[in-house]
Amino acid sequence: MEKEDFLTILSEIDEHPFPCYMIGEDKMYINYLTQNVIDIQNSINSIIPEIIDLRTLIDKPIYQIGPFETDPKQEARLLNKLQNCQSTRWHDLAIDILHKDGGKQNGIKAFLKEYNIDAQETMAFGDGNNDKEMFEFVSTSVAMGNAKEELKKCATYITDDIDNDGIYNALKFFNLI
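Right, let's walk through the structure included here. Everything numeric here is computed off the predicted structure, so don't read it as measured data.

**Brief notes about the pattern of salt bridges**
- Within the structure shown, the criterion is met by nine salt bridges.
- Among the ionic pairs, Glu75 bridges to Arg89, the shortest N-O distance being 3.1 Å. Residue Glu75 is located in helix 3 (residues 72–81), and its partner Arg89 is located in strand 5 (residues 85–91); the two are separated by 14 residues in the primary sequence.
- The residue Lys152 makes a salt bridge to Glu149 at a minimum N-O spacing of 3.3 Å. Of this pair, Lys152 and Glu149 both sit in helix 6 (residues 149–152), separated by three residues, roughly a single helical turn.
- Shared partners join several salt bridges into a network, and the residues in it are Glu12, Arg77 and Lys81.

Structure, rendered in structure tokens:
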């Protein structure tokens, strides 16, 4: 993330408080917790981030920002103020904000280039609308059974829920294991 965008987010949090996580080099942090944040994190089997004053991260690399309890109007207002960012909504109450050149598909592109792998040999698994661009890039896209309906429409294949061995079952279906 560009420092100016990070500072803009901090300013927005001061003006209109909302829970917001930051992903650094090796850890996730949040400014404060609400029951919604806890419920959302638990619903995706993700950790509850460490609570800190986000200003302590000003001089550290930040790779992703995640405002919680945001609606589409707040998302649009935030993005209008962020010069170098894009967002994706992965939950009704949560978005991911990342650098405009970031995204899962760009991570996959870099990996393929580094290891000289053809894009036709790719498969990705996803469950949220933040996986759409990745699905458009890979050869085979697999939506988890618990995925958002909108994402399922973009998928090559729909597997079982994550809690019912969805990844394992899809890999068996495609004869990869």
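**A closer look at the packing of aromatic side chains**
- Counted according to the given criterion, the structure contains six aromatic pairs.
- Taking 6.3 Å as the distance between ring centres and 80° as the angle between the ring planes, the aromatic pair formed by Phe68 and Trp90 counts as edge-to-face. Taken together, the residues span a long stretch of sequence, with Phe68 in the loop between strand 4 (64–67) and helix 3 and Trp90 in strand 5 at a distance of 22 residues.
- On the numbers, 5.0 Å between centres and 85° between planes, the contact of Phe173 with Phe174 is edge-to-face.
- Take Phe174: its relative accessible area is 26%, and that puts it in the partly exposed class.
- Through successive ring pairs, a cluster of aromatic residues spans Tyr21, Phe68 and Trp90.

Procedures and definitions
Residues numbered from 1 in each chain as written. Predicted model: local features only at pLDDT ≥ 70, side-chain atom pairs only at ≥ 80, totals over all residues. Heavy atoms only, no water. Salt bridge = Lys/Arg side-chain N within 4 Å of Asp/Glu carboxyl O. Helix = DSSP H or I, 4+ residues; strand = E, 2+ residues; numbered from the N terminus. Phe/Tyr/Trp six-rings, centres within 6.5 Å; stacked < 30°, edge-to-face > 60°. Buried < 20%, exposed > 50% of the residue type's maximum accessible area, 1.4 Å probe, protein only.

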